[in-house]
Amino acid sequence: MTPDSSKVSSIGAVLTNQDDRLWLEFWLAQRTDFHQSLVNPLLCRFWPSLESTRSSRVFVPLCGKSLDMLWLSQQGHEVIGVELSPVAVEGFFRENGLHPVQRQVGQFTLWNDGNLSILCGDYFALTAEDIGHFDTVYDRASLTALPENIRGRYVEQLSRLVPNTAKILLLTIEDAAEDATVAQANGIDAEITSLFTSKFDIDLAYVESVFELDPESPQLPAKRAEYKVYRICVR
Ligand SMILES: C[S@@+](CC[C@H](N)C(=O)[O-])C[C@H]1O[C@@H](n2cnc3c(N)ncnc32)[C@H](O)[C@@H]1O
């Protein structure tokens, strides 16, 4: 597993405490290629289509130190992230000139400044009581950062936490199979369907095809990837 593993079909390891240790080590060693130094443009473009009211509460699972949280808070939302690494959480508040207070919430340490909060701890240990009510979920490179065989557990946990009225904005980067037809490449990914379909309706809002070099093997030919935006809601 690599810290920049944000592709739907690119990872196959088993999530264990060893994976948790790996994430913690990545943050300590600053191997955080997945972190974006700018707000994600697809968030800015597609967030308004969810029609979330200004003061509504947004849950950001596996949030890292994403600047997207800052943008969401600037739109008037209360933001609650969950992140395993205290290095990421501390970095988020310090790098953005914020002055958080900390307190214990169940097994988590809650860091808070104004309308920005992060629960530091394991997403899979989160209870509905820990997180409280929220209206919207924003997931960029969270579900897809997990090994394939753990993604089902991620969605089950989300299903347990998510209120029936909540909407999810899910951003993915999917490897386009060499032999995929245009319709397959431009459609809802089969894995996304199988993960969400039992409880959720899925709307594919946007697809963008790009040719990208693998940063770890730039000598190889560029591969086609699909950037997709899904709007998902409880059925
Ligand atoms: C690929 S990064 C994505 C971060 C963020 N969504 C972004 O867009 O920058 C995945 C993050 O999930 C965190 N993480 C991994 N497993 C976790 C878990 N079980 N509970 C909470 N956070 C976790 C990692 O530390 C890492 O910061």
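Residues numbered from 1 in each chain as written. Predicted model: local features only at pLDDT ≥ 70, side-chain atom pairs only at ≥ 80, totals over all residues.

Undergrad: Outline the overall build of the protein, listing residues and values.
TA: When helices and strands are counted, the protein shows 8 helices and 9 strands. Within the protein, the fraction of its 235 residues that count as buried is 33%. In the protein, the proportion of contacts linking residues at least 24 apart, taken out of those at least 6 apart, comes to 67%. (Helix = DSSP H or I, 4+ residues; strand = E, 2+ residues; numbered from the N terminus. Buried ≥ 20, exposed ≤ 12 C-beta atoms within 10 Å, placed from the backbone. Contact = placed C-beta atoms within 7 Å.)

Undergrad: Outline the environment of Thr-53, supporting the account with residue identities and numerical values.
TA: By the element assignment, Thr-53 lies in the loop between helix 2 (41-46) and strand 1 (57-60). Judged by C-beta crowding, with 9 C-beta atoms within 10 Å, Thr-53 ranks as exposed. C-alpha separation for the pair Thr-53 and Gly-76, spaced 23 residues apart in sequence, amounts to 8.6 Å.

Undergrad: Talk me through the environment of Leu-38; I want residue IDs and the actual numbers.
TA: Of note, Leu-38 is situated in the loop between helix 1 (17-28) and helix 2. In this structure Leu-38 comes out as exposed when scored by C-beta crowding, with 8 C-beta atoms within 10 Å. Placed 28 residues apart in sequence, Leu-38 and Ser-66 show a C-alpha to C-alpha distance of 8.8 Å.

Undergrad: Lay out the pairing of strand 7 (residues 167-175) with the relevant residues and their values.
TA: Among the 9 residues that make up strand 7, 7 are buried, leaving the element largely enclosed by the rest of the structure. Here strand 6 (residues 136-140) pairs with strand 7 via 5 bridges, running parallel. Looking across to strand 7, one finds that Asp-139 is bridged to Leu-170. Taken together, strand 6, helix 6 (residues 148-161) and strand 7 constitute a β-α-β crossover, and its handedness is right-handed. Bridge analysis of strand 7 against strand 9 (residues 223-234) gives 9 bridges, and the strand direction is antiparallel. Among the inter-strand pairings, Leu-171 is bridged to a residue of strand 9, identified as Val-229. (Pairing = 2+ DSSP bridges. Right-handed = clockwise from strand over helix to strand, strands pointing away.)

Undergrad: Quick one: what's the story with the nonpolar core, residue by residue and with numbers?
TA: Among the nonpolar cores identified, the biggest contains 51 residues, and Val-58, Val-60, Val-79, Ile-118 and Leu-170 are the most heavily contacted of them. For Ile-118, the contacting residues outside a window of four places in its chain are Cys-63, Gly-81, Glu-83, Val-89, Phe-92 and Trp-111. (Core = buried A, V, L, I, M, F, W, Y, C linked by C-beta atoms within 7 Å.)

Undergrad: Got a sec to walk through the site of the ligand? Specific residues and values, please.
TA: In the neighbourhood of the ligand, 20 residues make up the surrounding shell, with Leu-62, Gly-64, Leu-84, Tyr-123 and Ala-145 lying closest. For the shell around the ligand, the per-class residue count stands at 11 nonpolar, 6 polar and 3 charged. (Near = placed C-beta within 6 Å. Nonpolar A, V, L, I, M, F, W, Y, C, P; charged D, E, K, R; others polar.)

Undergrad: Break down the pairing of strand 3 (residues 101-105) for me, citing the residues and quoting the values.
TA: Within strand 3, only 0 of the 5 residues are buried, which leaves it mostly out in the open. In this structure, strand 3 lies alongside strand 4 (residues 108-113), joined through 5 bridges in antiparallel fashion. By the bridge assignment for strand 4, Gln-104 is matched with Thr-109. Hairpin connection, strand 3 to strand 4: the antiparallel pair is bridged by 2 residues, and Gly-106 has positive phi, about 55 degrees.

Bear in mind that shape data such as this cannot, by itself, settle questions of function.
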